[in-house]
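# Analysis of the macromolecular model
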Amino acid sequence: MGALLGFPNGRFFASLVVALFLLFSLFSLYPTSSEYPSLSHPQIKPQTDRCEPFSNANIQVIVKTGANVIYDKLPLQLLTALRCPPQPLIFSDLQQEFGPLHVHDVLEHVNETIKASSPEFEYYRTLQEYQKYGQDVRSLRDSSKSVAWRLDKYKFIHMLVKAWTLRPNRDWYVFVEADTYLIWSNLVMWLDRRDPSQPQYLGSPTYLNGEAFAHGGSGIILSRAAMEKVLSDDEDITERYDVRLQKEYYGDYVLMKALEEKGIALEKSWPMMQGKKQNSLPFGPGPGNGVRHWCQPLVTMHGVTPEDVNAIWQLEQQRPDVKKPLLMAEIYEHFMGRNLPAELDDWYNLSDDLMFRAPGVEGSRQKSAEDMTDVEKEAHQSFEKCGMACEEHPKCFQYVYSQQTCGFSFSYRLGQRELPHDDGVTYKSGWRLNKIAQDQKENRCFEPEWL
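Just so it is clear, the structure is predicted and the values come from calculations on it, not from any experiment. (Residues numbered from 1 in each chain as written. Predicted model: local features only at pLDDT ≥ 70, side-chain atom pairs only at ≥ 80, totals over all residues. Heavy atoms only, no water.)

## Observations concerning the overall build of the chain
Check the secondary structure of the chain and you find 15 helices and 19 strands. Buried residues in the chain amount to 50% of all 451 residues. Excluding contacts between residues fewer than 6 apart, the proportion of contacts in the chain whose partners are at least 24 apart in sequence is 72%. Here the chain displays about 22,500 Å² of accessible surface, and carbon together with sulfur accounts for 52% of that area. (Helix = DSSP H or I, 4+ residues; strand = E, 2+ residues; numbered from the N terminus. Buried < 20%, exposed > 50% of the residue type's maximum accessible area, 1.4 Å probe, protein only. Contact = heavy atoms within 4.5 Å. Areas by Shrake-Rupley, 256 points an atom, 1.4 Å probe, with all protein chains shown as cover.)

## Regarding the packing of aromatic side chains
Applying the stated criterion across every chain, the model contains 15 aromatic pairs. Geometrically, the ring pair formed by Trp294 and Tyr412 is edge-to-face, given 6.0 Å between the ring centres and 75 degrees between the ring planes. A residue pair is termed long-range when its members are at least 10 positions apart, and Trp294 in the loop between strand 11 (266-268) and strand 12 (300-302) and Tyr412 in the loop between strand 17 (405-409) and strand 18 (416-417) qualify at 118 residues. Both residues of the pair, Trp294 and Tyr412, belong to the buried class. Here the aromatic rings of Tyr332 and Tyr412 are separated by 5.3 Å at their centres, their planes lie at 70 degrees, and the arrangement is edge-to-face. Taken together, the residues span a long stretch of sequence, with Tyr332 in helix 13 (residues 328-335) and Tyr412 in the loop between strand 17 and strand 18 at a distance of 80 residues. Looking at Tyr332, the relative accessible area reads 3%, which means it is buried. A relative accessible area of 0% places Tyr412 in the buried class. Grouping aromatic residues by their ring pairs yields a cluster made of Phe283, Trp294, Tyr332, Phe397 and Tyr412. (Phe/Tyr/Trp six-rings, centres within 6.5 Å; stacked < 30°, edge-to-face > 60°.)

## Structural notes on the nonpolar core
Counting 47 residues, the largest nonpolar core has Leu160, Phe175, Tyr201 and Leu222 as the members making the most contacts within it. Each residue touching Phe175, except ones within four places of it in the same chain, is listed here: Ile62, Met159, Leu160, Ala163, Gly216, Gly219, Ile220, Leu222 and Met227. In this structure, Ala57, Val61, Val174 and Ile221 belong to the second largest nonpolar core, which totals 32 residues. (Core = buried A, V, L, I, M, F, W, Y, C linked by side-chain atoms within 4.5 Å.)

## Details of the pattern of salt bridges
Using the criterion set out here, one finds 30 salt bridges in the structure. Between Lys277 and Asp308 there is a salt bridge; the shortest N-O distance is 2.7 Å. In this pair, Lys277 is assigned in the loop between strand 11 and strand 12 and Asp308 in helix 12 (residues 306-318), connecting sequence segments 31 residues apart. Across the pair, exposure class does not vary: Lys277 and Asp308 are buried alike. Counted as one network, the salt bridges with shared partners bring together Lys64, Asp93, Asp152, Lys155 and Glu177. (Salt bridge = Lys/Arg side-chain N within 4 Å of Asp/Glu carboxyl O.)

## Regarding the state of the cysteines
The tally for this structure, following the rule as stated, stands at four disulfides. Covalently, Cys51 is tied to Cys84 through a disulfide, its sulfur atoms 2.0 Å apart. A torsion of -75 degrees about the S-S bond marks the disulfide between Cys51 and Cys84 as left-handed. With Cys51 in helix 2 (residues 47-51) and Cys84 in the loop between helix 3 (70-79) and strand 2 (89-92), this residue pair connects regions lying 33 residues apart in the sequence. The two residues Cys51 and Cys84 agree in class, both being buried. Ordering the disulfide-forming cysteines of the chain by sequence position, one finds them joined as 1-2, 3-8, 4-7, 5-6. (Disulfide = S-S within 2.5 Å.)

## Observations concerning the sheet that holds strand 1 (residues 59-64)
Ordered in space as 3-4-2-1-5-10-7-11, the eight strands form an open sheet in which the pairing is mixed. One side of each edge strand has no neighbouring strand; the edge strands of this open sheet are strand 3 (96-98) and strand 11. Averaged over all adjacent pairs, the angle separating strand axes in this sheet is 30 degrees, with direction ignored. Both strand 1 and strand 2 contribute to a ladder of three bridges, which runs parallel. Residue Val63 lies in a different strand from strand 2, and its bridge partner there is Ile90. Packed onto the sheet, helix 7 (residues 155-166) meets strand 1, strand 2, strand 4 (101-105), strand 5 (172-177) and strand 10 (220-223) and runs at close to 150 degrees relative to strand 2. (Pairing = 2+ DSSP bridges. Axes fitted to C-alpha atoms, helices over the stretch in contact; angles between N-to-C directions.)

## A closer look at the sheet that holds strand 19 (residues 428-431)
The strand order across the open sheet built from five strands is 13-19-16-17-15, with neighbouring strands paired in antiparallel fashion. The open sheet terminates on both sides in strands that have one partner only, identified here as strand 13 (343-345) and strand 15 (354-357). The sheet shows a mean angle of 15 degrees between the axes of neighbouring strands, direction not considered. In this sheet, strand 17 lies alongside strand 16 (residues 398-402) in antiparallel orientation, the contact comprising five bridges. Within the sheet, the bridge partner assigned to Gln398 lies in strand 17 and is Ser409. The strands that helix 14 (residues 383-392) touches are strand 13, strand 16, strand 17 and strand 19; relative to strand 16, the one it contacts most, it runs at about 155 degrees.

## Looking at the pairing of strand 17
Summarising burial for strand 17: four of the five residues are buried, a large majority. As judged from the four bridges shared by strand 15 and strand 17, these two strands associate in the antiparallel manner. Looking across to strand 17, one finds that Leu354 is bridged to Phe408. The antiparallel hairpin formed by strand 16 and strand 17 contains two residues in its connecting segment, where Gln403 sits at a positive phi of about 50 degrees.

## Notes on the confidence of the model for the chain
Looking at the chain, the pLDDT average stands at 90 and 89% of residues meet or exceed 70. Contacts from residues 1-44, a stretch scored under 50 in pLDDT, to residues over four places away or in other chains number 16 contacts. (pLDDT = per-residue confidence, 0-100.)

## Describing the side chain of Asp353
Checked against the element boundaries, Asp353 lands in the loop between strand 14 (347-348) and strand 15. A polar contact of 2.8 Å, which involves the side chain of Asp353, links it to the backbone nitrogen of Phe410. Not counting the four nearest positions on each side in its chain, Asp353 is found in contact with Arg365, Phe408, Ser409, Phe410 and Ser411. (Polar contact = N/O pair within 3.5 Å; in protein donor to acceptor, adjacent residues only side chain to side chain.)

## What about the pairing of strand 10?
Here strand 10 shows no split at all, with Ile220 and Leu222 on one side and Ile221 and Ser223 on the other all buried. By the bridge criterion, four bridges tie strand 5 to strand 10 in an arrangement that is antiparallel. Of the residues in strand 10, the one forming a bridge with Tyr173 is Leu222. In terms of strand pairing, strand 7 (residues 201-203) meets strand 10 through three bridges, oriented antiparallel. In the sheet register, Gly203 faces strand 10, and the bridge partner there is Ile220.

In structure tokens, the structure reads:
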């Protein structure tokens, strides 16, 4: 037998067969996922099953990215969060084939005079040259980061036109970036409650010159009626705004101005659409503006890393009922609440709503000495005294201490590791678990709070 199969002798083949048999037998001793108790090891449904309840959504997702980061940010997104949206469009600054998907150059129709005269487009031509000669465009990332960001502003108006041209008459157009996490099930359930025949411009507001516009990284949503209204009978819209963009910094701001020109105003959709992610969201009372971050379904998060994408997607797969909205409270419990310690060394938990510094040291969000309690007057002296002051303050849920500075937070956030700096600066964070538990007990979610 060994000779027939090309092996030097039959004993090798016999040993291989025995090894394979033993390996198969070993795996058969372990239970399958369906044999685990459902409470501790929930069975994950196949992805196709989890997409199926939302397969009829007439929603077009558009991902805006750049050639020098596409290989870092997009592959895992396409394997996870972007598996359910049908036929997502990918717009970049370089046309290419990305596996089975086509990446569209959204800048190809920018005014040729502007392309020739604006310094940002030198980088655009460099990308094309690198592609032509098979060079790695990622090597341009460090040297071209600022110019790539400046080039990005030209994409916004053009991506509206190209999306409508390639996929006309969708009910909704959802524009995200490659580091935006989109919770598809929540998005579909939310937009099902809305009327796409009405002009709607949805997003998380950010501000310039006192004007609110949808932050591109948090996602921009336009209804069919809004797309029709902004683009119809306006063939020179891209030419007109290409000229304006030479003097502007932010493409998402200029997009707002184009919509405003047609009478379409932003409907603020924060906190469901977020510029934060799971470890920086201000859970609970929120950042002091009266908007509690708890019972709303979360639709987008921004600034996610590939590790974040995988972690959030794994949570989605573990949920037993895909038709039940994923609320902020559940995000908190999964990523923060179930493992939250009372304190952590070398950790910055983003506590900066109210600050206490050493006498004579001034800074923002600082409580005046005249208004401090006796305990607060000593909060800058140590981590322990900072914690005592937090316990006393009715709105403080967590605190951080660093170099004679104590910071309070009026919401609860996880933050991130902050190793000692070269100059000796260290951070230590604490959470008042009793106050957090009481706040949650008093503010249970009985139904989703849709906007």
